[in-house]
Amino acid sequence: MIDYSVWDHIEVSDDEDDTHPNIDTPSLFKWRHEARVERMDQFIKAGEDLEKGLAESKRKLTEAQKKTKNLSSSVTDDAKAELSKAQAEEKRLKKEERDWEKKLEDHRREEKKMPWSVDTLCKEGFSKSVMNVKPDVKEDTEEQKEQKHKTFVEKYEKEIKHFGMMKRWDDSQKYLSDNPHLVCEETANYLVIMCIDLEVEEKKALMEQVAHQTIVMQFVLELAKSLKVDPRGCFRQFFAKIKTADQQYQDAFNDELESFKGRVRGRAKIRIERAMKEYEEEERQKRLGPGGLDPAEVYESLPEEMQKCFDEKDIAMLQTVITKLDPTEAKVHMKRCIDSGLWVPNSQADEGDDKEEDATYEALNKEMGEQKIE
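Residues numbered from 1 in each chain as written. Predicted model: local features only at pLDDT ≥ 70, side-chain atom pairs only at ≥ 80, totals over all residues. Heavy atoms only, no water.

- Going by the annotation in an unreviewed UniProt entry, the name recorded for the chain is Hsp90 co-chaperone Cdc37, with Oncorhynchus mykiss given as the source organism.
- On record in UniProt, under Subcellular location (unreviewed entry), the comment for the chain is "Cytoplasm".
- UniProt annotates the chain under Sequence similarities (unreviewed entry) with the comment "Belongs to the CDC37 family." (UniProt positions renumbered as here; feature names shortened; annotations may be inferred.)

Below, the structure written as structure tokens:
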């Protein structure tokens with residue numbers, strides 16, 4: 001036998017068309033519907049308040065039980081007196097917890113008795129569907145993932161940053177309730193990059209705050225993966241669990257947070273070192289002479305007497321030093337000086353690279369007065 005009694009209490013007053021001719025029917029239906037929606041919202045809000053009260057009661061009871069356990073191991077008179085107070089407080093909190101549970105149970109029982117309406121009849125009955133056949137889902141390529149991330153960030157960057165700056169559990173939950181599209185991998189990836197950027201900029205306090213929100217998002221995604229559901233449908237479960245003072249879960253969260261901040265600092269350090277190397281290489285490329293040599297490196301390779309000539313920009317001194325060197329060694333040094341730009345031959349003597357290489361040392365004494373040191 002099919003039980004049709006569930007249909008006995010359906011509130012459809014705003015769908016009725018039997019009204020007085022002098023009454024504005026559309027307005028009447030609208031007012032009725034708004035009043036019903038407001039009652040529903042108030043009822044839902046009352047349920048959320050009861051859940052928060054129960055969670056807070058559990059947290060206080062856990063703390064009281066820890067205190068009682070710690071005091072029970074002490075034998076001093078003061079500790080015994082304090083233990084008596086702690087035990088009384090624990091007893092009171094247990095009674096308070098039972099009261100909250102009874103209120104929440106009554107609220108849920110009342111919810112089942114509420115009449116159905118057009119707003120509740122259309123809501124889904126299950127949070128997930130189980131299919132016998134697993135659909136063949138084609139994984140996105142790296143290019144597609146990158147484009148998807150770029151498009152998402154361009155559209156919701158402001159909202160992601162706002163979430164990253166939040167501190168309180170309740171604020172984060174409400175913000176994700178209002179913006180469920182943010183509960184995804186793209187948000188988590190952007191927050192990771194944001195943390196590294198802040199660490200590079202030495203905004204350490206702000207980095208730690210965004211890191212906290214990053215781990216919040218990653219825990220939600222991991223929970224969704226373990227439950228095999230859409231992340232947008234399970235983030236409330238994460239907040240409910242983290243706010244009920246589940247110590248093991250809280251410790252796991254804090255451990256992952258500290259580990260993540262360490263990884264961020266490491267990545268930021270690597271990025272800074274890479275940027276410094278790139279900057280140094282750019283500066284080096286700017287210094288390179290016509291032959292592709294770095295003047296700073298060539299200067300360091302010169303004999304001390306030649307270095308002094310360039311320091312004082314004394315051509316006569318350089319001529320004297322060159323004459324004292326072995327001809328082959330002098331030619332090598334002068335060739336490197338020209339290629340690095342330390343020594344700039346006179347334009348009239350520049351008749352080609354090959355000819356200049358061969359004549360550098362032999363013509364040095366004759367050309368010394370026509371050349372200049374850079």
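Still more ground to cover, so stick around.
**A closer look at helix α7 (residues 204-227)**
Item 1. In this model, α7 (24 residues) spans 35 Å end to end at C-alpha, consistent with the 34 Å of a helix rising 1.5 Å per residue.
Item 2. At the exit of α7 stands Lys-228, carrying a positive phi of roughly 60°. (Helix = DSSP H or I, 4+ residues; strand = E, 2+ residues; numbered from the N terminus. Expected span 1.5 Å × (residues − 1).)

**A word on the pattern of salt bridges**
Item 1. This structure, assessed with the given rule, holds 27 salt bridges.
Item 2. When the shortest N-O distance is used, the salt bridge between Lys-243 and Asp-170 registers 2.8 Å. Here Asp-170 lies in helix α5 (residues 169-178) and Lys-243 lies in the loop between α8 (235-242) and α9 (247-287), a separation of 73 residues in the sequence.
Item 3. Residue Lys-243 is classed as partly exposed on the basis of its relative accessible area, which comes to 24%.
Item 4. Since its relative accessible area comes to 27%, Asp-170 is described here as partly exposed. (Salt bridge = Lys/Arg side-chain N within 4 Å of Asp/Glu carboxyl O. Buried < 20%, exposed > 50% of the residue type's maximum accessible area, 1.4 Å probe, protein only.)

**Here we look at the packing of aromatic side chains**
Item 1. This structure, assessed with the given rule, holds 10 aromatic pairs.
Item 2. Between Trp-169 and Phe-239, the ring centres sit 6.4 Å apart and the planes meet at 70°, which makes this aromatic pair edge-to-face. Here Trp-169, found in helix α5, pairs with Phe-239, found in helix α8; they are 70 residues apart in sequence, far enough to count as distant.
Item 3. For Phe-239, a relative accessible area of 0% translates into the label buried.
Item 4. Here the aromatic residues Trp-169, Phe-219, Phe-238, Phe-239, Tyr-249 and Phe-253 are joined through ring pairs into a cluster of three or more.
Item 5. We note Lys-103 situated over the ring of Trp-100; from NZ or CZ to the ring centre the distance is 5.1 Å.
Item 6. A cation sits over an aromatic face here: Lys-241 above Tyr-249, 4.6 Å from the ring centre. (Phe/Tyr/Trp six-rings, centres within 6.5 Å; stacked < 30°, edge-to-face > 60°. Lys NZ or Arg CZ within 6 Å of the ring centre and 35° of its normal.)

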